[in-house]
Each structure stands twice: as C-alpha cells, then as structure tokens.
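Survey of secondary and tertiary structure
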Amino acid sequence: MFHTLYEWFWWDRIWLPVNLTWADLVDKDGRVYAKASDLYVTVPYAFAFLFVRFLFESWIATPLAHCAGIRQKVHLKAQDNHILELHYTTQSRNPAQPDIDGLSKKSSLSVRQVERWFRRRRTQDLPGVLKKFREACWRCVFYLFAFIGGIVALYDKEWFYDTQEVWTGFPKQSMLESQYWYYILEMSFYASLLFSITFDVKRKDFKEQIVHHLATLVLLSFSWCVNYIRIGTLVMLVHDASDILLESAKLFNYAKWEKTSHCIFVVFAIVFMVTRLIIFPFWLIHCTWVYPVLHYPAFFGYYFFNVMLVILLCLHSFWAYLILRMIRKFLFGNLIRDERSENEEEEDEDNSSTTDDEGQHKLSNGHAVDKKKEEKNGCFGRLSPPEDISRSKTVY
C-alpha cells in the first residue's frame, strides 16, 4: 500500500513535462542535479538555526538591547484565582460583561476586581519589548546575509538579467554549489521559523504566517525536486530585499529612534510594493506562467507551482493593505499601533484606585487602554508589520 502511494506520488507525469522522467535528472555528463533526499538535511539544519538563534539573542541581541536602553519589564502578577484562571485559559481572555458579572458572583470578587484581574492576566502574557527586539535583530541579520549571499550567487548569471534564460536548457541545468547552499540555508531558516512560531511573538496574522511558511517550504521543495532552481533563487532574492528594511525599522522603533524608524519604514514600504507587487507578479510569475509553455506542454507541476506563487501574491496583497493603512494613519497623524499587533492592555498599578482610573482609562469588557501612554509611543509605537511580509520572509 505504502509502496503504491509512493510510486503514484512520484509519478513522472505529475511533476515533470511530457517525455521527461526522473532518470533524466540523474547526475551524468558532468551535470549535478538536486535530489529530493537532499531535503532531509534541512531538518537538522533548522534545529541548528534555533541553537544559533539562542546564542545570538543571548550574547549579541540582548547586550545591544541594553545599549539601546531596552530592559525587560516586570509586570504586576495577577493574584492566583482558580475560577478566573480556568475561564481565561478555556473560554476567553476578554470576557463579555455578562461573563464578568457571572465570574464576579462565583469568585466573590467585585466586578471591578474581576476586570482588573483579567487586565493584569492579559498583560502577563504580552511579549516584552526586549523579546521583540531580539527576534527582530535575529531576522534582520539573517535576511541581510541571505540577501548579500543571493547577490553574490546570482550577479554573474544570465537569468538574473534576462528571465527567459531561466528556461534555457531546462531541465538539464546543472546545479551550482552556491545554489545548493542558498536553497538549503533558506529552507532551513524557514523551517526554524515554523518550529519556533508557537513561542515567538504572536500577532493577528498568526494564521497567515503559518500559511506563508508552509507555502514557502512547499514551493521551495517542489522547485528543488523538479530543478526549478533558477527561478527559485530569484524569488528568494526578491523577498529578502524588503525584509531587511522591515526588521531594521522595528529595531529602531523598539529603541525609540522614531524618526529613523519612520524613514526606514517608508523606504521599506516602497521597496515592498516594488518587489512584491510589481517585480514578483509581472516579472517572476510572468516568467513561470508564460515562458515554460514555449518549451514544453503544460502539466500538473506547472500549474501547481504557479498556484503556490499566486497564494504568496495574495498574502503580499493582504500585507500591502495593512502597510497602506499604517501609512495613511501615519500621514494623518493618528497611527497609534501596528495593524497586525494584538491589543496591548496597560496594567492598573494601583489596586485601590477606582475613581481616578475612570478619568484616565476607558473601560470596556475588562479591557483598558491608557491613551496618554499610548500616544507617547508615537506613530510607530507598536510597529511590527508583516514579518515574512514573508516572515514572513515573507519569501515566496
């Protein structure tokens, strides 16, 4: 049964053009081809990335954060309460008013005390600025080296300047050593992001990030197996370009260098729109959609590859919409938080103050926002647009 499924999955007619078989992608005549078995190495490399990331965040990112005046904030801990904790973990982190009234009766606490408990409990789970800084620093360094490595690997290649050359001689295109390491390291990095997504800073586009990482890994794995490596390297390079600027903008924002952060973010937005919404669809997707059928008839793998690229384009459009919203609010001077960020509650430091809090906080269903503190953060006080914008690398 398993053998039958295996044979069906790797059927030549699914993944390769007509009149081609996997035997045509066996090393011979001095040509070296990518092999599906090579992808197994990305798993241990992904864990190696996690280990290197831990060392980097501990020995480099944290001292940098301290030099920038960023410290770990200690939040006031909510008192132990089994009834409220059970509702928080199993029902809702932001209970509705009827639920608050019911919990007040069950726990023998006042409505005000229940609201304060949930506010503090949510604050406990919020990621600190130090954690965000370390994550952004790690991604910024990787994207920078990945982009430089991509330029070094591609600057002297014909297909870097003329996308029609991507398909010249396909599929009998020998894989270069630079392409091998560019692919393996990128895939390992994205696999590490997928492994760490549960304990990284969680934002509203959490599901989109997972879709992006999975689509990226599937797309790269497919292009690797069927020797679509030339177009794959171009896609990776295009995505790396804007990611460096995004993470840099976050770093300066967390360090409260607001003007620098604003300028970098504007440049990032321009680069993102150019690379993800112009170059990606009109050069790269055009290259994979139009040129291949000039060399061989369309087949399942051809449609599969292009569908995955379109999925990434849809994610790019979604993130571009969020970026434009942020820019619009920035221009009108009323951007107070990142469109992707989870709502961040300010804790009530004084347990006994109730009257004064009403004048400074707007309370709604146990949720409080200190507007004065929020305004101090500036337009990008909670900046962290799409990662991948593809995490997201957002690659591919």
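Before reading on, note that the structure itself is shown above.
Residues numbered from 1 in each chain as written. Predicted model: local features only at pLDDT ≥ 70, side-chain atom pairs only at ≥ 80, totals over all residues. Heavy atoms only, no water.

**A word on the pattern of salt bridges**
Rule in force here: Every case where a carboxyl oxygen of Asp or Glu lies within 4 Å of a side-chain nitrogen of Lys or Arg is listed as a salt bridge. Using a 1.4 Å probe on the protein chains alone, a residue whose accessible area is under 20% of its type maximum counts as buried, one over 50% counts as exposed, and one in between counts as partly exposed.
Enumeration over the complete set of coordinates arrives at 11 salt bridges. The closest approach of N and O atoms between lysine 157 and aspartate 156, which form a salt bridge, is 2.7 Å. Lysine 157 gets classed as buried once you look at its relative accessible area, which sits at 12%. The partly exposed category is assigned to aspartate 156, whose relative accessible area is 47%. Where salt bridges share partners, they join Arg53, Glu57, Lys131, Glu135, Arg139, Asp200, Glu247 and Lys250 into one cluster.

**Some details on the packing of helix α9 (residues 177–196) against helix α10 (residues 206–225)**
Condition: The convention used is that axes are lines fitted to C-alpha atoms, helices contributing only their stretch in contact, and that angles between N-to-C directions extend from 0 to 180 degrees. Starting at the N terminus, helices and strands are each numbered in turn, a helix being any DSSP run of H or I of at least four residues and a strand any DSSP run of E of at least two. For classification purposes, an angle smaller than 35 degrees is called roughly parallel, one larger than 145 roughly antiparallel, one from 65 to 115 roughly perpendicular, and anything else oblique. Helix crossings fall into two classes, left-handed where the near helix is turned counterclockwise from the far one by less than a right angle and right-handed where it is turned clockwise. Contacts are residue-level and defined by heavy atoms, with any inter-residue pair within 4.5 Å sufficient.
For the pair α9 and α10, the least separation of the axes is 10 Å and the interaxial angle reads 155°. As the angle between them shows, α9 and α10 are arranged roughly antiparallel. In this structure, α9 crosses over α10, and the sense of that crossing is left-handed. Across from Tyr180, Tyr183, Ile184, Met187, Tyr190, Ala191, Leu193 and Leu194 in α9, the residues of α10 making contact are His212, His213, Leu214, Thr216, Leu217, Leu220, Ser221, Ser223 and Trp224.

**Quick notes on the nonpolar core**
What counts here: In these notes, a set of buried Ala, Val, Leu, Ile, Met, Phe, Trp, Tyr and Cys residues joined through side-chain atoms within 4.5 Å is what counts as a nonpolar core.
Counting residues in each nonpolar core, the largest one holds 81 residues, and the members touching the most others are Trp167, Phe189, Trp224, Tyr228 and Ile231. Every element with two or more residues in this core is listed here: α2 (12–15), α3 (42–67), α7 (129–154), α9, α10, α11 (229–254), α12 (258–290) and α13 (300–331). A total of 12 residues in this core trace back to one element, the largest contributor, which is α11. Setting aside residues up to four positions removed in sequence, isoleucine 231 forms contacts with Val166, Leu284, Cys287, Thr288 and Phe305. Core analysis: the next-biggest nonpolar cluster, separate from the first, contains 8 residues, Leu84, Tyr88, Val114 and Trp117 among them.

**Observations concerning α3**
The periodicity of an α-helix, 3.6 residues per turn, causes residues three or four positions apart to be oriented the same way. Counted only if it meets this: Each residue after the first adds 1.5 Å to the expected span of a helix. Here the bend at a residue is taken as the angle between two axes, fitted respectively to the seven residues that end there and the seven that start there.
In a regular helix each residue adds 1.5 Å, so 26 residues correspond to 38 Å; α3 covers 35 Å between its end C-alpha atoms and thus fits that length. At glutamate 57, α3 is bent by approximately 40°, the largest bend along its length. If you check which residues of α3 are buried, you get Thr42, Ala46, Phe49, Arg53, Phe56, Glu57, Ala61, Thr62 and Ala65. Taken together, the buried residues of α3 touch α7 and α9. Glycine 69 occupies a position one or two residues after α3 and carries a positive phi of about 85°.

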